[in-house]
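Examination of the molecular architecture
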Amino acid sequence: MRRLALAAPLLLFALLPLGRLVAEGLGHLDAIATAEARRALSGTLLTSSGAALFAFLLGLPLAVLLVRTDLPARRALRAIFTLPTALPPFIFGMGWVALANPKAGLLNLALGEGTLDIYGSAGIAFVLGGCGLPLVVLAASASLERVDASLEEAARLCGAGPLRTLAHVSLPLALPAALSGAALVFLFSASAFGVPYLLGVTASPPTTTLTTHVYGLVLMGHGGLASAGAIALVLLTLASAVLLASRLASRAGRVRLSSGKGIKLRPLALGPWRAPLGVAAIAIAGVLVALPLGAVFLTSLEPSFGRLENLSLQHWDRLLHTPRVAEAALRSVGLSLAAAALVTLLGLAYAVGRTRLGNVGRALELAAAWPYAVPGTVLGMGLLLTFSMDWRVVIGGKLTFVLALANTLWLVLIAYTARHLAFGVRHASDGLSQADPSLTEAARVCGAPPLRAFLDATLPQLKAPLAAAFTLTFLTCATELTLSVLLVPTGQDLLGTVLFELMSYADPAAASVLAGGFVLIVLTVLAGRTLLVRRPA
Amino acid sequence: MAAVELTSLRKSYGTTPVVKDLSLSIGSGEMVALLGPSGCGKTTTLRMIAGLEVPDAGKISIDGREVDAPGLHLPPEARRLGMVFQSYAVWPHRTVAENVEYPLRLKGLGRAEREAKVKQALGWVRLEALAGRRPDALSGGQLQRVALARALVGDPRVLLLDEPLSNLDVQLREELRAEIASLRSRLGTTMVYVTHDQAEALGLADRVAVMNKGVLEQVAAPQVLYGEPATAFVARFVGGANVLEGVSDGTSVRIGATVLTCEAPLTLPTGRGQLVVRPEDLSVTPGDGPLLTARLFLGGATEYHFNLGEHALKALAPASAELQMGSPARVTLRRARWFPL
Ligand SMILES: Nc1ncnc2c1ncn2[C@@H]1O[C@H](COP(=O)(O)OP(=O)(O)OP(=O)(O)O)[C@@H](O)[C@H]1O
Ligand SMILES: [Mg+2]
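Residues numbered from 1 in each chain as written. Chains lettered and ligands numbered in written order. Predicted model: local features only at pLDDT ≥ 70, side-chain atom pairs only at ≥ 80, totals over all residues. Heavy atoms only, no water.

**A closer look at the domain arrangement of chain A**
Residue and element names in this part refer to chain A. Heads up, the condition is: Marked domain ranges trace back to an automatic or database domain assignment. Throughout, a contact is declared for two residues whenever any of their heavy atoms are within 4.5 Å. As a working definition, buried area equals the accessible area (1.4 Å probe) given up by two parts on being put together, with both sides summed. A side-chain nitrogen of Lys or Arg and a carboxyl oxygen of Asp or Glu constitute a salt bridge if their distance falls within 4 Å. Under the rule applied, a polar contact is a pair of N or O atoms within 3.5 Å (in protein, one hydrogen donor and one hydrogen acceptor; residues adjacent in sequence only if both atoms are side-chain atoms). Every helix listed is a DSSP run of H or I at least four residues long, and every strand listed is a run of E at least two residues long, numbered separately from the N terminus.
Looking at the assigned domains, one finds that chain A contains domain 1 (1-12 + 314-537) and domain 2 (34-257 + 277-299). Between the C-alpha centres of domain 1 and domain 2 there is a distance of 26 Å. The partner domain 2 presents 30 residues to the 32 residues of domain 1 that form the contact. Buried surface at the junction of domain 1 and domain 2, summed over both partners, amounts to about 2700 Å²; 84% is from carbon and sulfur atoms. Three residues, Pro375, Phe500 and Met503, lead the burial of domain 1 against domain 2; their summed loss comes to 19% of the area buried on that side. Linking domain 1 with domain 2 are zero salt bridges. At the boundary of domain 1 with domain 2, the tally comes to zero residue pairs in polar contact (both at pLDDT 80 or more). Mapped by element, the contributors of at least two residues to the side of domain 1 that touches domain 2 are α16 (376-387), α21 (482-487), α22 (495-506) and α23 (508-534). At 13 residues, the largest contribution of residues to the side of domain 1 that touches domain 2 is made by α23.

Printed below as a string of structure tokens:
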């Protein structure tokens, strides 16, 4: 019974849509033979490999510098370089539009009109690569932190200078991890919707990707839905192939690292290279993170796009008094809170289930992970195809239950929850594995029945990981775009879709106010969390 | 009536048997120490009594009522026991007083009664002053006192302690050991005390149950255990005795190439067997026996190590200036036990 209760939502909202998408897609394979589909596929391959290459070439040396050397301001740099994971890529895209729009971009005002053009494949790859950079930096750092410093010291004793030591010893050790990080950047870029739409659709010639092509087909209404499913299936196949290849590659190329304990991490002295490399790293951080975010804020203060005189808060004031935006914000906050609560609760249930239910529990955990592992467009299409018609449950000849989700906010809530369930499961599992079982056993011996002991003694130990899952889900959902544009009911805008609409069509200043507000909220939450986490230590 | 009765208990993890056919009867108000080397199954036995593990076979009764038997398993919360864990297991999100209050809340006692009992229990372990503190502001010794108060506050039928002192430094350990002893004489609670420290077991318990590889080797009062070990394992584990295999002719024992002679009036059975002799029951004088390989000055006496082929022999004797490192000595037996093979 408990198994069924745990399995039912997954079957209905995660596995069924996947099956439906595959069935529908296979039935309309003619949709992938069109010229548009081929252009979209090559657009995805081009922008995603460009982004992966860019992130890899920049991320690997950065990780080495940040982890293994006495580079100045390492902690701050690390925080800045990982910031993009906490913000929607769309906001960085907006920043770059403000900076490098060929006509009115701020950089072009300084460098001369038309010097830089952010529109098109190269621009998309650049912006996505910058946003994906943390994936490479974090993966490479994690493996570098487990490398014994004596390997580098041995090279120094053999007469190699600091740069040569880094290039010949440290870099190769971090290579496999950086490569699998780059594969993740490829997946992240192939799944992206907002940035390719913003920078691709209006480029000349237009650049389409699989995700934007799916969106275009869905906009055509019921006729396009099946074709969109077929394109989403292509995206799913591509993503699965890359994921599989990177798993296999990382298994084959695994280096033997020190076992983890008792390693002394002595940073390598860069000597004369310390200052120039430090300046270079700070400059890169400035260009990739500070510059686009700053441009978003600046745009929100300009009287009109690209004009730097008479800065004022008039757009902020205007937007705060626009009922449509306020309603969308309210709706998004409500949906995100509900999704965050569901993700946390269900994640906890699946994590506990995994420890109690053996193989069934492990299967459930895997099923809970797939909606996050695949591109959001794939999940969105699966749900759209599955629930575009009503489900009538007839028991004993009597209509007992109608599941009419099409064009409702419920479907958006289901999509948000399914998509981020993996956060909840992972955080709760980590928390449970670190929880001290004797605290719970002590409660049992004191007279508490199992459920009471779980609530009184186990749950309080999971507060931090569950709060993290909640916050993470809430922040990601609040401006979610990829699923929202596919599933949003007509006339019930969400924050993400309003932002998307304002930016793509009408009002970049208003869009910048929204984006800027969101950046401020995220920065406040992150700063608050850092302070909270540091205090007890 | 026995407070705790274990009958033919068995427990395996996977295919490895951890507790094999263990029977033990603990009287009301008695304190029994479960003593044995690491991994011998002490914690597993204690956890079965607590109801945290289900035995594969055998029976457990508490106060004459069966709590574990084929087809029966009473969950821990229904056994009315107290337990003190090695890792303290004090809930970090509750204050000291709230920790101690928890079992009373579960019993559904009224507020006034709870407060009075918490105060009393904190008094037993001298922690009244820290009632409002959070556990992260307590030392290890104080945490273990909180755990003791929490385990005792509900008037448990049996108090189970799993190496309660092993996470503490030496001084705290002695302090808390004295405290447990005085609590016991004051409250008269039946206790099962798991430890691998023989001094703790011999000093605290009425009876000591020595476990080895899941089997009880001997259950006896500390003096009996020390004076009349039932097996060579007990003699070695409890008294630190030398256990040597050899052949006896009644007044001397041949171990490999070495002969150890008995001092009158000691005589031993003849034949093959295990010689069990404590270091302090050996006399050492210069002579033509085994070679001295190490000498440790311990203050009151000196510990001498001899090499007997594959065995090492330890003797404790007054310091002697005549014995040189690497020189032969004559070693004689004043008292010894013999276990025929
Ligand atoms: N949950 C478990 N799963 C598998 N094996 C276990 C489990 N718990 C204990 N064991 C094994 O059972 C044996 C006995 O364990 P137990 O904890 O009872 O020993 P112990 O006498 O308390 O030892 P120590 O003094 O080290 O605490 C050990 O070999 C241990 O590895
Ligand atoms: Mg133990």
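There is more to say, and it comes next.
**Considerations on the domain arrangement of chain B**
Residues and elements named next belong to chain B. The domain boundaries assigned to chain B delineate domain 1 (2-235) and domain 2 (242-340). One C-alpha centre belongs to domain 1, the other to domain 2; they are set 40 Å apart. Contacts between the two partners involve eight residues from domain 1 and, on the opposite side, seven residues from domain 2. Ranking the residues of domain 1 by area buried against domain 2 places Tyr226, Pro229 and Ala232 at the top, with a combined share of 66%. On the surface where domain 1 and domain 2 come into contact, there are zero salt bridges. Viewed at the interface, domain 2 and domain 1 are joined by two residue pairs in polar contact (both at pLDDT 80 or more).

**A look at the nonpolar core**
Residue and element names in this part refer to chain A. Rules: The definition of a nonpolar core used throughout is a set of buried Ala, Val, Leu, Ile, Met, Phe, Trp, Tyr and Cys residues joined through side-chain atoms within 4.5 Å. Burial classification: accessible surface area is computed with a 1.4 Å probe over protein chains only, and a residue below 20% of its type maximum counts as buried, one above 50% as exposed, and the rest as partly exposed.
Residues Met94 and Met381 are the most contacted members of the largest nonpolar core, which totals 140 residues. Split by domain, this core shows at least three residues from each of two domains, domain 1 (1-12 + 314-537) and domain 2 (34-257 + 277-299). In this view, Met381 contacts Leu21, Val214, Val218, Leu225, Ala228, Gly229, Ala232 and Leu486; residues no more than four positions away in its chain are not counted.

**Considering the site of ligand 1**
Residues and elements named next belong to chain B. We apply this condition: We call a residue near a molecule or strand whenever a single non-hydrogen atom of that residue lies within 4 Å of it. Areas reported here follow the Shrake-Rupley algorithm with a probe of radius 1.4 Å; residue values treat only the protein chains shown as occluding. Polar here means any residue other than Ala, Val, Leu, Ile, Met, Phe, Trp, Tyr, Cys and Pro, which are nonpolar, and Asp, Glu, Lys and Arg, which are charged; Gly is therefore polar.
Every residue close to ligand 1 is listed here: Tyr13, Val18, Ser38, Gly39, Cys40, Gly41, Lys42, Thr43, Thr44, Glu163 and His196. One nitrogen or oxygen atom from the main chain of Gly41 is found 3.0 Å from an oxygen atom belonging to ligand 1. Notes on ligand 1: free accessible area 630 Å², of which the protein chains cover 56%. The dominant element in the shell around ligand 1, judged by the number of residues it contributes, is helix α1 (residues 42-50), at three residues. For the shell around ligand 1, the class distribution of residues is three nonpolar, six polar and two charged.

**Focus on the pattern of salt bridges**
Residues and elements named next belong to chain B. Using the criterion set out here, one finds 21 salt bridges over all chains in the structure. Between Arg105 and Glu101 there is a salt bridge, with its nearest N and O atoms 3.7 Å apart. With Arg105 and Glu101 both in helix α2 (residues 96-107) and four residues apart, this pair spans about one turn of that helix. With a relative accessible area of 44%, Arg105 lands in the partly exposed category. Here Glu179 ties to Arg126 by a salt bridge, and the two come within 2.7 Å at their closest N and O atoms. Of this pair, Glu179 sits in helix α5 (residues 170-187) while Arg126 sits in the loop between α3 (111-124) and α4 (140-152), placing them 53 residues apart in sequence. Residue classification places Arg126 among the exposed positions, given a relative accessible area of 55%. It is possible to trace a salt-bridge network through shared partners that takes in Arg126, Arg145, Glu175 and Glu179.

**Comments concerning the packing of helix α3 (residues 74-82) of chain A against helix α6 (residues 121-144) of chain A**
Residues and elements named next belong to chain A. Put simply, the test is: Fitted lines through C-alpha atoms give the axes, limited to the stretch in contact for helices. The angle between two N-to-C directions lies from 0 to 180 degrees. Orientation is classified from the angle alone, with under 35 degrees giving roughly parallel, over 145 giving roughly antiparallel, 65 to 115 giving roughly perpendicular, and any other angle giving oblique.
Contact geometry for α3 and α6: axes closest at 8 Å, N-to-C directions at 135°. Relative to α6, the element α3 lies oblique. Contacts between α3 and α6 pair Arg78, Phe81 and Thr82 from the former with Leu133, Pro134, Leu138 and Ser141 from the latter. Taken together, the residues of the contact of α3 with α6 break down into four nonpolar, two polar and one charged.

**Side note on the sheet that holds strand β5 (residues 65-69) of chain B**
As a general point, the strands of a sheet are linked pairwise by backbone hydrogen bonds and lie either parallel or antiparallel. All names here are of chain B. Rules: For two strands to be treated as a pair, DSSP must find no fewer than two bridges joining them.
Taken together, five strands build an open sheet; the order of strands is β2-β1-β4-β5-β6 and the sheet is antiparallel. The open sheet has two edge strands, β2 (16-27) and β6 (72-73), and neither has a second partner. Two strands pair when backbone bridges link them, and strand β1 (residues 2-13) and strand β4 (residues 57-62) are joined in this way by five bridges, in the antiparallel orientation. Its bridge partner being in β4, Leu6 is matched across the sheet by Ile60. Lying on the sheet, α1 is in contact with β1, β2, β4 and β5; it crosses β1 at an angle near 120°.

**Notes on the interface of chain A and chain B**
Listed per partner, the contact involves 17 residues of chain A and 21 residues of chain B. When chain A packs against chain B, close to 1600 Å² is buried across both sides, 63% of that on carbon and sulfur atoms. At the boundary of chain A and chain B, one finds two salt bridges. For the pair chain A and chain B, the number of links is six residue pairs in polar contact (both at pLDDT 80 or more). Sort the elements by how many residues they give to the side of chain A that touches chain B and helix α18 (residues 437-445) of chain A lands first, with seven residues.

**Some thoughts on the packing of aromatic side chains**
The test is simple: The pairing test for Phe, Tyr and Trp rings, Trp by its six-membered ring, is centres within 6.5 Å, and the orientation test on the planes gives stacked under 30 degrees, edge-to-face over 60, and tilted for anything in between. Either the NZ atom of lysine or the CZ atom of arginine qualifies as a charge over a ring when it sits within 6 Å of the ring centre and within 35 degrees of the ring normal.
The full count for this structure, using the stated rule, is 13 aromatic pairs over all chains. Pairing A:Phe90 with A:Phe500 gives two aromatic rings, centres 6.1 Å apart and planes at 50°, and the pair type is tilted. Of this pair, A:Phe90 sits in helix α4 (residues 89-100) while A:Phe500 is found in helix α22, placing the two residues 410 residues apart along the sequence. Each member of the pair A:Phe90 and A:Phe500 is classed as buried. Ring geometry for A:Trp96 against A:Phe126: centres 4.9 Å apart, planes inclined by 80°, an arrangement best described as edge-to-face. Separated by 30 residues along the polypeptide, A:Trp96 in helix α4 and A:Phe126 in helix α6 bring together distant segments of the chain. Taking relative accessible area as the criterion, A:Trp96 reaches 7% and is therefore assigned buried. Among the aromatic residues, those joined into a ring-pair cluster are A:Phe90, A:Phe193, A:Tyr197, A:Tyr215 and A:Phe500. A cation over a ring is seen here: B:Arg94 above B:Trp91, with NZ or CZ 5.0 Å from the ring centre. The lysine or arginine in question, B:Arg278, covers the ring of B:Tyr226, its NZ or CZ lying 3.9 Å from the ring centre.

**Digging into the confidence of the model for chain A**
Condition: Per-residue confidence from the predictor is reported as pLDDT, which spans 0 to 100.
Per-residue pLDDT for chain A has a mean of 84; in total, 93% of the residues score no lower than 70. Mean pLDDT values over the elements of chain A span from 68, in strand β2 (residues 398-403) of chain A, up to 95, in α18(A).

**Thoughts on α5(B)**
Residues and elements named next belong to chain B. How we decide: One less than the residue count of a helix, multiplied by 1.5 Å, gives the span that helix is expected to have. By construction, the arc corresponds to the directions joining the helix axis to the C-beta atoms.
Relative to the 26 Å expected for 18 residues at 1.5 Å per residue, α5 spans 26 Å between its end C-alpha atoms, a close match to the ideal helical length. Every buried residue of α5 is accounted for by Leu176, Glu179, Ile180, Leu183 and Arg184. Seen end-on, α5 carries its buried residues on one side only, within an arc spanning 135°. Exposed residues on α5 whose side chains face more than 90 degrees from its buried face are Val170, Gln171, Glu174 and Ser185. In this structure, the buried residues of α5 make contact with β3 (31-35), α3, α4, β8 (158-162) and β9 (190-195). Two residues or fewer past α5, Gly188 is found with a positive phi of approximately 65°.

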